[in-house]
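Commentary on secondary and tertiary structure
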Amino acid sequence: MITSGLTTRDIARELARRYSTMTHDELDMLESVLVPMKFQKNDFIIKEGETAKHIFWIAKGLIRQFYFKNGKEVTEYMATENHICMCIESLFKEEPTHLQMMALEPSVVYAMPRAALEQVAMKSVNIQILYRKILEESLILSQVRADNLRFESALERYKKLVKSQPQLVLRAPLVHIASYLQMTPETLSRVRTAAIQEK
């Protein structure tokens, strides 16, 4: 049985702690939209061609977003516990996504349906702030990632990932880490060796 050991109330409190202070009533409203979902290793959360309807908070596990280019899988994003994951373009355009989202480990995520979240946000300034900050965080992460790929060396990209998401580096298959950092597995191997030698 996959379990995070957390309740929807725990998740609501953690989201409030991270993004916005909330009253007891506001926590009730936020908790009411949270939908716990469990996935086995290699289960799809979203498949290509589906329309995204949720923002996901990872309570337990490791999630990967990827797409196909020239017949090969390209890793777009990966995250472990206490991170947000979403297909933002599909979610807001309400169009089918090119991305796929998969659990790389047995995982528990809490889905926040966009429609339900927007309804409660209309009743609470603090939930509006939470919603805005989640979107801001997602946009900033996308920009930082784009800048890293544009301006930084393979070694710099790897060292930043180790610093920002150490659990990801320990748990994700190397082939996915290499794809995420836009390098070959052979380059990743050399980079890892260089990073160890620097210590």
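Attention here is on the structure that accompanies the text. Only a predicted model underlies this, so the values are computations on that prediction, with no experimental measurement involved.

The rules behind each value
Residues numbered from 1 in each chain as written. Predicted model: local features only at pLDDT ≥ 70, side-chain atom pairs only at ≥ 80, totals over all residues. Heavy atoms only, no water. 1 Å grid on protein atoms, 1.4 Å probe; cavity = no way out; pocket = protein on both sides within 12 Å on 5 of 7 lines; lining within 4 Å. Points joined across faces, edges and corners; volume = space filled by probe spheres on them. Helix = DSSP H or I, 4+ residues; strand = E, 2+ residues; numbered from the N terminus. Nonpolar A, V, L, I, M, F, W, Y, C, P; charged D, E, K, R; others polar. Buried < 20%, exposed > 50% of the residue type's maximum accessible area, 1.4 Å probe, protein only. Pairing = 2+ DSSP bridges.

To continue, consider the layout of surface pockets. In this model, the largest pocket occupies a volume close to 980 Å³. Listing elements by their share of the lining of the largest pocket, those giving two or more residues are strand 4 (63–69), strand 5 (72–79), strand 6 (84–85), helix 3 (88–93), helix 5 (125–151) and helix 6 (154–164). With nine residues, helix 5 is the single largest residue contributor to the lining of the largest pocket. Taken together, the residues of the lining of the largest pocket break down into 16 nonpolar, 11 polar and nine charged. Here the second largest pocket is characterised by a volume of approximately 170 Å³. Counting residues per element, the lining of the second largest pocket draws most heavily on strand 5, which supplies three residues. A per-class count over the lining of the second largest pocket returns one nonpolar, three polar and three charged.

So, about the pairing of strand 7 (residues 100–103). Both faces of strand 7 are covered, namely the face carrying Gln-100 and Met-102 and the face carrying Met-101 and Ala-103. Where strand 4 meets strand 7, four bridges bridge the pair, whose relative direction is antiparallel. Of the residues in strand 7, the one forming a bridge with Ile-63 is Ala-103.

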